[in-house]
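Examining the three-dimensional arrangement
Residues per chain are reported as follows:
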Amino acid sequence: MMMSDVNLDAEQQSTRSVVRILIQVIGFAASIAALGWAVKVALKEENRAQLENLQNASVAQVMMLVGLSFASVAVNGVIFWVVIRPVHKIRVTDVISTNAIGTFLAYLPFKMSLVARVAIHNKRDGVPVLTIGAWFAAIGVLMLAVLGPMALMSFVLKEVGVLWWIGVVGSVALSVGLLIVIARVFYGDRGVARLASVGLLKRVTEMDSFSKMHAGFDMVACPVSSIWASVFRLLDVLAFAGRFVVAAAVLGLPISGNDALLLGSVYFLIGVFSPFGMLGTREAGTIGAAALFGVSSAAIGTGGGDGGEGPIAAAVVFITAVEAVVNLGCAGFGVAWLRIAPKKDAQVEHAD
């Protein structure tokens with residue numbers, strides 16, 4: 001390769017890096033603007049009655065909201081722990097602490113949460129980077145196996161009741177069971193052999209890095225890990241919905257269980273997939289979803305030409321404020337724990 005070609009490639013890479021940075025900065029600025037808009041809507045004159053109710057919130061209600069926010073941090077940490085357990089042994093306290101740090105950093109752009117998780121688990125816990133990628137992919141697949149059936153049941157039944165619970169439990173069990181069956185076809189040495197039998201994949205399976213990526217099948221193939229991860233994911237979504245139930249009770253808003261589940265799910269999913277950090281995007285997106293999907297008109301506001309930007313905004317901002325305080329505290333404890341806890345060499349196991 002000529003020197004001019006090398007210089008051209010370097011210039012192109014530099015340009016791409018600058019563009020990516022600019023996109024993140026602009027996206028984060030837009031997210032902050034969205035947060036400002038959400039706060040402005042929450043502080044509207046017509047929402048004053050709801051905001052005044054905050055002064056009358058009981059200690060039990062505030063503690064319940066704090067507890068549900070803390071539960072999300074802990075439950076997500078446990079999900080990470082149970083999924084990695086078939087291939088690497090890491091202390092559950094270490095994984096929860098790392099999740100606490102990552103959750104707080106998720107407010108920021110540049111995928112700081114992902115960078116921190118990879119750095120900690122790779123440097124401290126000895127998990128290969130490619131295995132970490134497979135780990136996150138396994139968590140994502142199991143998450144979809146839970147959220148997909150929940151969304152389907154909510155769309156079909158329109159109301160959270162006994163029939164909804166039966167449908168969710170049954171369909172989640174079916175989808176997770178199907179994932180486990182598929183993963184067990186391709187996990188372990190026999191699974192590698194099956195993949196190698198496909199001509200196009202044979203060369204891939206012979207690569208040194210393949211075994212690290214293949215660990216994702218071993219994680220999902222473990223019935224105990226996948227089932228517990230799915231149970232905890234269901235609890236996590238319910239915890240998000242519970243926040244809206246409590247916030248609505250404090251503010252005096254008429255939000256049904258189905259509304260709370262919808263808003264909690266939207267709030268959670270935007271936080272997971274937002275490319276510029278979850279601050280602002282979740283709040284604006286959840287307020288918009290409340291109007292789009294027809295949450296109780298008294299809760300979103302239909303009068304005064306506000307386009308659905310009503311009292312629900314106060315609930316969303318209230319939830320975010322409490323969550324931010326909890327996440328900051330959890331991240332602080334997470335950093336302290338990882339500093340004082342001795343490192344433990346990762347031990348490899350095989351899926352059950």
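Anyway, here's the lowdown on the structure attached to this text. From a predicted model like this one, the values you see are computed outputs, not experimental measurements. (Residues numbered from 1 in each chain as written. Predicted model: local features only at pLDDT ≥ 70, side-chain atom pairs only at ≥ 80, totals over all residues. Heavy atoms only, no water.)

1. With respect to the overall build of the chain
What the chain contains, in helices and strands, is 15 helices and 0 strands. Counting the 352 residues in the chain, one finds 45% classified as buried. Restricting the contact set of the chain to residue pairs at least 6 apart, pairs at least 24 apart contribute 73%. In the form shown here, the chain has an accessible surface area of approximately 17,400 Å², with 71% of it arising from carbon and sulfur atoms. (Helix = DSSP H or I, 4+ residues; strand = E, 2+ residues; numbered from the N terminus. Buried < 20%, exposed > 50% of the residue type's maximum accessible area, 1.4 Å probe, protein only. Contact = heavy atoms within 4.5 Å. Areas by Shrake-Rupley, 256 points an atom, 1.4 Å probe, with all protein chains shown as cover.)

2. A word on empty space enclosed by the protein
Throughout the structure, instances matching the rule amount to 1 cavity of 30 Å³ or more. Of the volumes computed, that of the largest cavity is approximately 30 Å³. Residue assignment for the lining of the largest cavity shows that the elements contributing at least two residues are helix H6 (129–157) and helix H11 (223–251). Partitioned by chemical class, the residues of the lining of the largest cavity number 5 nonpolar, no polar and 1 charged. (1 Å grid on protein atoms, 1.4 Å probe; cavity = no way out; pocket = protein on both sides within 12 Å on 5 of 7 lines; lining within 4 Å. Points joined across faces, edges and corners; volume = space filled by probe spheres on them. Nonpolar A, V, L, I, M, F, W, Y, C, P; charged D, E, K, R; others polar.)

3. Overview of the pattern of salt bridges
Overall, the coordinates contain 7 salt bridges when judged by the stated rule. For Arg 124, the salt bridge identified is with Asp 94, shortest N-O distance 3.1 Å. Here Arg 124 is found in the loop between helix H5 (112–123) and H6, whereas its partner Asp 94 is found in helix H4 (residues 92–105), with 30 residues between them in sequence. Like Arg 124, the residue Asp 94 is buried in the burial classification. (Salt bridge = Lys/Arg side-chain N within 4 Å of Asp/Glu carboxyl O.)

4. Remarks on the layout of surface pockets
Rolled over the atoms, a probe as big as a water molecule pinpoints where empty space is left. Of the pockets and cavities examined, the largest pocket occupies roughly 840 Å³. Taken together, 38 residues line the largest pocket, and the ones lying closest to its centre are Phe 80, Ser 113, Arg 117, Gly 271 and Val 272. Elements with a contribution of two residues or more to the lining of the largest pocket: helix H3 (59–84), H4, H5, H6, H11, helix H12 (257–273) and helix H15 (312–340). Partitioning the lining of the largest pocket into residue classes produces 20 nonpolar, 12 polar and 6 charged.

5. Let's talk about the packing of helix H7 (residues 162–186) against helix H8 (residues 188–196)
Viewed as axis vectors pointing N to C, H7 and H8 meet at an angle of 80°, and their least axial separation amounts to 5 Å. In terms of axis orientation, H7 runs roughly perpendicular to H8. The residues of H8 that touch H7, namely those facing Arg 184, Val 185 and Phe 186, are Gly 188, Gly 191, Val 192, Arg 194 and Leu 195. Grouping the constituent residues of the contact of H7 with H8 by class yields 4 nonpolar, 2 polar and 2 charged. (Axes fitted to C-alpha atoms, helices over the stretch in contact; angles between N-to-C directions. Parallel < 35°, antiparallel > 145°, perpendicular 65-115°, else oblique.)

6. Let's talk about the nonpolar core
Met 150, Val 168, Phe 244, Ile 255 and Ile 312 are the most contacted members of the largest nonpolar core, which has 49 residues in total. Those elements giving two or more residues to this core turn out to be helix H1 (3–42), H3, H6, H7, H11, H12, helix H13 (281–292) and H15. Within the second largest apolar cluster, 24 residues are counted, among which are Val 75, Val 82, Val 83 and Met 219. (Core = buried A, V, L, I, M, F, W, Y, C linked by side-chain atoms within 4.5 Å.)

7. Here we look at the environment of Thr 103
Of note, Thr 103 is situated in helix H4. Separated by 228 residues in sequence, Thr 103 and Ala 331 place their C-alpha atoms 7.8 Å apart. With residues near it in sequence (within four places) discarded, Thr 103 still touches Val 73, Ser 113, Arg 117, Met 278 and Asn 327. Among the polar contacts made by the side chain of Thr 103, one reaches the main-chain carbonyl oxygen of Asn 99 at a distance of 2.7 Å. (Polar contact = N/O pair within 3.5 Å; in protein donor to acceptor, adjacent residues only side chain to side chain.)

8. Observations regarding the packing of H7 against helix H10 (residues 210–221)
The relative placement of two packed helices comes down to the angle between their axes together with the axis-to-axis distance. Between H7 and H10, the shortest axis-to-axis distance is 8 Å and the interhelical angle comes to 135°. As the angle between them shows, H7 and H10 are arranged oblique. Pair H7 / H10 crosses with left-handed handedness. Packed against H7, whose contacting residues are Leu 179, Ile 180, Ala 183, Arg 184 and Phe 186, the element H10 presents His 214, Phe 217, Val 220 and Ala 221 at the interface. A class-by-class count of the residues in the contact of H7 with H10 yields 7 nonpolar, 1 polar and 1 charged. (Left-handed = near helix turned anticlockwise from the far one by under 90°.)

9. Comments concerning the side chain of Ser 265
Relative to the helices and strands, Ser 265 is located in helix H12. A polar contact is formed between the side chain of Ser 265 and the backbone oxygen of Leu 261, at a distance of 2.8 Å.

10. Section: H5
Here H5 spans 16 Å end to end across 12 residues, near enough to the 16 Å set by a 1.5 Å rise per residue. Among the residues of H5, those classed as buried are Ser 113, Ala 116, Arg 117, Ile 120 and His 121. For H5, the arc enclosing every buried residue in end-on projection is 115°, short of the 170-degree limit, so these residues lie on one face. (Expected span 1.5 Å × (residues − 1). Arc of directions from axis to C-beta.)

11. Overview of a nonpolar patch on the surface
Residues Ile 21, Val 25, Leu 108, Phe 110 and Met 112 make up a contiguous nonpolar surface patch of roughly 410 Å² in combined accessible area. Within the element layout of this structure, Phe 110 appears in the loop between H4 and H5. (Patch = residues over 30% accessible without salt bridge, like charges linked within 9 Å, V, L, I, M, F, W, Y side chains within 5 Å.)

12. Observations regarding the packing of aromatic side chains
Counted under the stated rule, the structure contains 10 aromatic pairs. Measuring from ring centre to ring centre gives 5.8 Å for Phe 80 and Trp 135, while their planes differ by 80°; the resulting arrangement is edge-to-face. You can see Phe 80 sitting in helix H3 and its partner Trp 135 sitting in helix H6, a full 55 residues away along the chain. One exposure class covers both Phe 80 and Trp 135, and it is buried. Among the aromatic residues, ring-to-ring pairing joins Phe 240, Phe 244, Tyr 267 and Phe 268 into one connected group. For the cation-ring pair, Arg 243 lies above Phe 240, with the distance from its terminal atom to the ring centre recorded as 4.2 Å. (Phe/Tyr/Trp six-rings, centres within 6.5 Å; stacked < 30°, edge-to-face > 60°. Lys NZ or Arg CZ within 6 Å of the ring centre and 35° of its normal.)

Function cannot be read off these values alone, since they describe shape.
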